[in-house]
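Fold and contact review
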Amino acid sequence: MSIKDIHESVLQGSVSVTERVRQALVAIKENKHLNAFTQIYAEEALQQAESLDQKITGKQKVGKLAGIIFAIKDNINIKNHRTTCASKILNNFVAPFDATVIERLKAQDAIFIGKTNMDEFAMGSSSENSFYGPVKNPVDSERVAGGSSGGSAVAVAIGACDAALGSETGGSIRQPASFTGLLGLKPTYGRVSRYGLVAYASSLDQIGPFAKTPEDLAYILQVIAGLDPKDSTSADEPVPDYPALIDKPIKGMKIGLPQEYFAEGLDPEIKQSVLSLADQLKAAGAEVQTVSLPMTKYAIAAYYIIATAEASSNLARYDGVRYGYRAAHAEDLNEMYQNTRSEGFGEEVKRRILLGTYVLSAGYYDAYYKKAMQVRRLIQNEMMDALKEFDALITPTTPTTAFKLGEKIEDPLTMYLMDIYTVTANLAGICALNVPAGQHSNGLPFGLQIMSGAFKEEILFRLARQIMQLK
Ligand code: GLN
């Protein structure tokens with residue numbers, strides 16, 4: 001059932017919200033070993049559900065998400081609950097306010113079942129860099145769920161919720177969606193308010209939903225998108241009626257297949273499936289052509305310089321004074337900072353702070369940070385040009401299916417290469433989503449990525465819907 005159908009059944013009284021929450025809690029319990037959650041709000045969710053059921057029986061007005069259960073990545077603030085970012089340094093931090101996305105979901109009566117596990121501060125591609133231990137893939141628990149929003153993906157995949165929110169800086173929604181067989185959307189930069197999302201790399205970060213159908217993504221985006229006076233980077237662009245637009249035929253749509261995304265390093269089965277789906281879109285009336293995006297090869301390098309530079313600055317605030325953890329022993333102020341950060345941050349976060357500080361340092365700023373920013377502009381221009389010619393670009397989301405736990409954790413560079421197809425959309429600020437593309441002969445799911453121009457999410461939903469029908 002789609003979110004809309006669930007909501008309608010709840011309104012008609014054929015489904016009880018309390019019963020739905022109970023079932024979600026059972027799913028969480030049965031899948032405890034996957035480590036998808038950092039916090040579970042069982043009692044509170046049940047209370048909310050009971051009060052919603054009463055309202056519905058009493059024919060009182062309820063919001064358009066009444067009956068719908070969400071899981072929220074643990075870097076998004078829910079007032080009076082902990083926001084840990086899966087880090088020791090924020091383990092005890094209680095959010096004093098709601099993120100704007102949370103406010104908007106609450107206003108429509110969504111229920112939050114809990115906070116989801118992730119890579120510490122959203123840094124990673126596997127959800128192994130967590131203070132609470134790694135998230136595991138529901139299809140094969142010896143494999144990763146993808147990251148950094150791995151817990152949110154798993155929560156949806158196991159039926160612990162109807163949808164979840166994650167965050168993206170370089171692929172953290174699309175990649176775990178691909179590894180777990182779900183849909184995941186990275187909205188256009190500025191489409192969704194970031195107020196109340198813990199900052200990783202502010203010029204790239206965006207909140208987005210995970211769901212089981214494109215219709216559900218459209219339904220959720222419509223609730224959470226739009227201008228927010230509390231986030232100066234949120235855009236003053238009208239929010240279209242996404243659910244109403246999703247049925248529009250794709251006939252005549254121009255789709256590009258960037259050849260650089262089908263080159264060396266891509267699993268042949270994934271390649272085959274994505275190309276075959278593109279062929280089927282052609283048969284369904286789309287115009288499909290190959291295109292070349294030669295700047296693609298610089299995306300990972302530019303991304304990891306810009307992201308770490310911004311992270312090193314954003315994470316300076318965790319000093320033992322303002323938030324969360326403080327080291328127990330220190331002789332003076334400097335030592336307190338040092339001990340707090342040494343004890344509070346995990347290895348990957350420290351690696352990124354060091355790298356980011358290095359590329360911003362006086363001697364290297366021009367050679368690294370400035371250069372990366374120039375390359376980012378070129379990548380952006382190339383993307384914008386392609387998206388003038390094409391309505392959308394279709395690529396694989398990930399070069400492989402989910403890898404084994406521990407397989408890449410000792411080798412950060414190989415891990416960074418997992419983001420090869422996803423980071424460009426963040427660098428260019430455009431929208432992109434993952435749609436399930438099939439099952440590999442190894443039994444694992446994988447996805448197809450659709451990218452479109454800024455504020456063209458509607459095109460992503462229409463194409464994703466078509467693809468879901470083709471399969
Ligand atoms: N894997 C990328 C990184 O580690 C992207 C993470 C993200 O999108 N939050 O930076």
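Small disclaimer: the values here were computed from a predicted structure and weren't measured.

Details of the packing of helix 10 (residues 299–314) against helix 13 (residues 365–389)
Closest axis-to-axis distance for the helix 10/helix 13 pair is 9 Å, and the angle between their directions is 125°. The pairing of helix 10 with helix 13 is recorded here as oblique in orientation. Where helix 10 crosses over helix 13, the handedness of that crossing is left-handed. Here Ala299, Ala302, Ile305, Ile306, Ala309 and Glu310 of helix 10 come into contact with helix 13, specifically with Tyr368, Tyr369, Ala372, Met373, Val375, Arg376 and Ile379. A per-class count over the contact of helix 10 with helix 13 returns 11 nonpolar, no polar and 2 charged.

Points about helix 9 (residues 268–283)
Given 3.6 residues per helical turn, the α-helix brings residues three or four places apart onto the same face. Taking 1.5 Å as the rise per residue, helix 9 with 16 residues should run 22 Å; its terminal C-alpha atoms sit 22 Å apart, in good agreement. Where helix 9 is concerned, the buried positions are Ile270, Val274, Leu277, Ala278 and Leu281. Axial view of helix 9: buried residues confined to an arc of 100°, hence all on one face. When the buried face of helix 9 is taken as reference, the exposed residues oriented beyond 90 degrees from it are Pro268, Gln272, Asp279 and Ala283. In this structure, the buried residues of helix 9 make contact with strand 7 (254–258), strand 8 (287–291), strand 9 (392–396), strand 10 (431–439), strand 11 (445–452) and helix 16 (457–470).

Some details on the nonpolar core
The nonpolar side chains of a soluble globular protein tend to be buried with one another. Core analysis: the biggest nonpolar cluster contains 108 residues, and Phe70, Leu105, Ile113 and Ile450 have the highest contact counts within it. Listed in part, the 43 residues of the second largest apolar core include Val198, Tyr200, Ile306 and Met415.

With respect to unusual backbone geometry
Of note, the amide linkage connecting Gly147 to Ser148 takes the cis form, showing an omega dihedral of 10°. Look at Lys59: it is not a glycine, yet its phi comes out positive at around 60°. Structurally, the position occupied by Lys59 is in the loop between helix 3 (42–57) and strand 2 (69–73). Although it is not a glycine, Phe455 sits at a positive phi angle of roughly 65°. On the secondary structure map, Phe455 appears in the loop between strand 11 and helix 16.

Rules and cut-offs
- Residues numbered from 1 in each chain as written.
- Predicted model: local features only at pLDDT ≥ 70, side-chain atom pairs only at ≥ 80, totals over all residues.
- Heavy atoms only, no water.
- Axes fitted to C-alpha atoms, helices over the stretch in contact; angles between N-to-C directions.
- Helix = DSSP H or I, 4+ residues; strand = E, 2+ residues; numbered from the N terminus.
- Parallel < 35°, antiparallel > 145°, perpendicular 65-115°, else oblique.
- Left-handed = near helix turned anticlockwise from the far one by under 90°.
- Contact = heavy atoms within 4.5 Å.
- Nonpolar A, V, L, I, M, F, W, Y, C, P; charged D, E, K, R; others polar.
- Expected span 1.5 Å × (residues − 1).
- Buried < 20%, exposed > 50% of the residue type's maximum accessible area, 1.4 Å probe, protein only.
- Arc of directions from axis to C-beta.
- Core = buried A, V, L, I, M, F, W, Y, C linked by side-chain atoms within 4.5 Å.

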